Amino acid sequence: MSIRKRPAYADSMTVRRFLDRSAFLRRLSPALLLPLGGCDWILMNPAGDVALQQRNLILISTALMLLIILPVMAMTVWFAWRYREKAQAKDHDPDWDHSTTLELLIWSAPLLIIIALGAITWTSTHLLDPYRPIERIDHERRVDPAAKRLQVEVVAMDWKWLFIYPELGIATVNEMAAPVDQPIEFKITSSSIMNSFFVPALAGQIYAMPGMQTVLHAVANKPGNFEGFSANYSGAGFSNMRFRFHALDKAGFDQWVAKVKASGASLDRAAYVKLEQPSEKVPPIYFGSVEPHLFHAALNMCVQPGKKCMDAVMMTDARGGAGKESARDTEGLRHDGTIDVGGFHPVEPGRAGEIAQPAGMTPAAEKTPAEQGHQAPHQQDQDGHEGHHGM
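Computed from a prediction, not measured in an experiment: that's the story for all the values here.

## Considering helix α2 (residues 49–82)
Taking 1.5 Å per residue as the helical rise, α2 with its 34 residues ought to reach 50 Å, and the 48 Å between its terminal C-alpha atoms agrees with that figure. Where the residues of α2 are buried, they touch α3 (100–127) and β8 (214–218).

## Brief notes about a nonpolar patch on the surface
On the surface, Met-65, Leu-66, Ile-69, Leu-70 and Met-73 cluster together to form a nonpolar patch covering roughly 450 Å² of accessible area. Position of Met-73 among the secondary structure elements: in helix α2.

## Observations concerning the state of the cysteines
Chemically, a disulfide is nothing more than a covalent bond linking the sulfur atoms of two cysteines. With the rule as written, the count across this model stands at one disulfide. Sulfur-sulfur distance for the disulfide between Cys-302 and Cys-309 comes to 2.0 Å. Here the S-S torsion is close to 80°, and the disulfide linking Cys-302 with Cys-309 is therefore right-handed.

## Thoughts on the confidence of the model for the chain
Overall, the prediction assigns the chain a mean pLDDT of 79, with 72% of residues at 70 or greater. Segment residues 339–391 is flagged for pLDDT under 50; beyond a separation of four residues in sequence, or across chains, it makes 92 contacts in the model.

## Examining the nonpolar core
Nonpolar side chains in soluble globular proteins tend to be buried together. Among the nonpolar cores identified, the biggest contains 44 residues, and Val-152, Phe-163, Tyr-165, Phe-186, Phe-197, Phe-245 and Trp-256 are the most heavily contacted of them. Looking at this core, the elements with two or more residues in it are β1 (150–157), β2 (160–165), β4 (175–179), β5 (184–190), β7 (206–208), β8, β10 (242–248) and α4 (250–261). The residues touching Phe-197, leaving out its near neighbours within four places in the chain, are Val-154, Trp-161, Phe-163, Phe-186, Ile-188, Gly-204, Gln-205, Ile-206, Leu-216, Phe-229 and Phe-243. Ranked by size, the runner-up nonpolar core spans 20 residues in total, among them Leu-162, Val-273, Val-290 and Val-303.

Definitions and limits used
Residues numbered from 1 in each chain as written. Predicted model: local features only at pLDDT ≥ 70, side-chain atom pairs only at ≥ 80, totals over all residues. Heavy atoms only, no water. Helix = DSSP H or I, 4+ residues; strand = E, 2+ residues; numbered from the N terminus. Expected span 1.5 Å × (residues − 1). Contact = heavy atoms within 4.5 Å. Patch = residues over 30% accessible without salt bridge, like charges linked within 9 Å, V, L, I, M, F, W, Y side chains within 5 Å. Areas by Shrake-Rupley, 256 points an atom, 1.4 Å probe, with all protein chains shown as cover. Salt bridge = Lys/Arg side-chain N within 4 Å of Asp/Glu carboxyl O. Disulfide = S-S within 2.5 Å. pLDDT = per-residue confidence, 0-100. Core = buried A, V, L, I, M, F, W, Y, C linked by side-chain atoms within 4.5 Å. Buried < 20%, exposed > 50% of the residue type's maximum accessible area, 1.4 Å probe, protein only.

Given below as structure tokens:
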């Protein structure tokens, strides 16, 4: 049986089809890249020195890894082409199984890259530690040891952000500002569940957790209006938990502070309790004055009147407790989100763009926890009923 030979013109037709397809893909490639025109490459073009160093870390790590990836990909194609069946390469050795030189090259190159990556990771982990005060404004200017850092206290709420400026006596919701080239120290907590504070143009993300404080140091190097958001899912309103960060010159920042103070609104404990009720798509809110030590109360989960602050409870525990009589002193110890002391009560979540209002004082709220049936085991209320035992 004879085998039909492949026509000579077949190879030329295959090459022609390949070239036509390549030309078509070249013409189509700009259209394929068009959807990327709307992408915001803020991570690659940040406005703050901390974010810039983090970007450089990404680029350096990627370049080091490509030192292995690109040669391997290129050699894979080259070997497949050179030693294909039709090539009949003269140096083809089907019985080859070992080369000491090649083994040294294969293992030493990745090892050197891993060592370099490890050294870069170790140094950058310490230099970019969010708790470590920044030591430079940019790559050319160091931070003046006498320079004053802007203090900003951040509370993640459902589903909005509260910013308190303790030294300026003002507070804002879903909007903040800072002067260009002035170091910023963020103190961050949460009023409910875990969140993540992230301004990509400024610095990396850091978690916000109830009853705990995290710290972030950063600096903005150029004016602009940037977006901040929560990078950790926190419920129904998570997608709209966003705020604006304004990097302003000194005069612009002073004007912004004056605008906030002119609002006339005051953020005291009662206003805070109203504010922390769940709400979505809340527009920026300004408070011209803030009750002193409000962030401390939010951090220690004792904003509501009558609540015992967590740091005081922990101090009592560290000292061995408050005696046997403290077993009956349960008033103000509930920190599970239930507001049963001081006249503030949970309410239904507000509608989009609204802040829910607490129901106010009721006869039930005026009762002590024991009178409401929350007395400790063996403790009797005014009617002689004894508290429930654990099941």
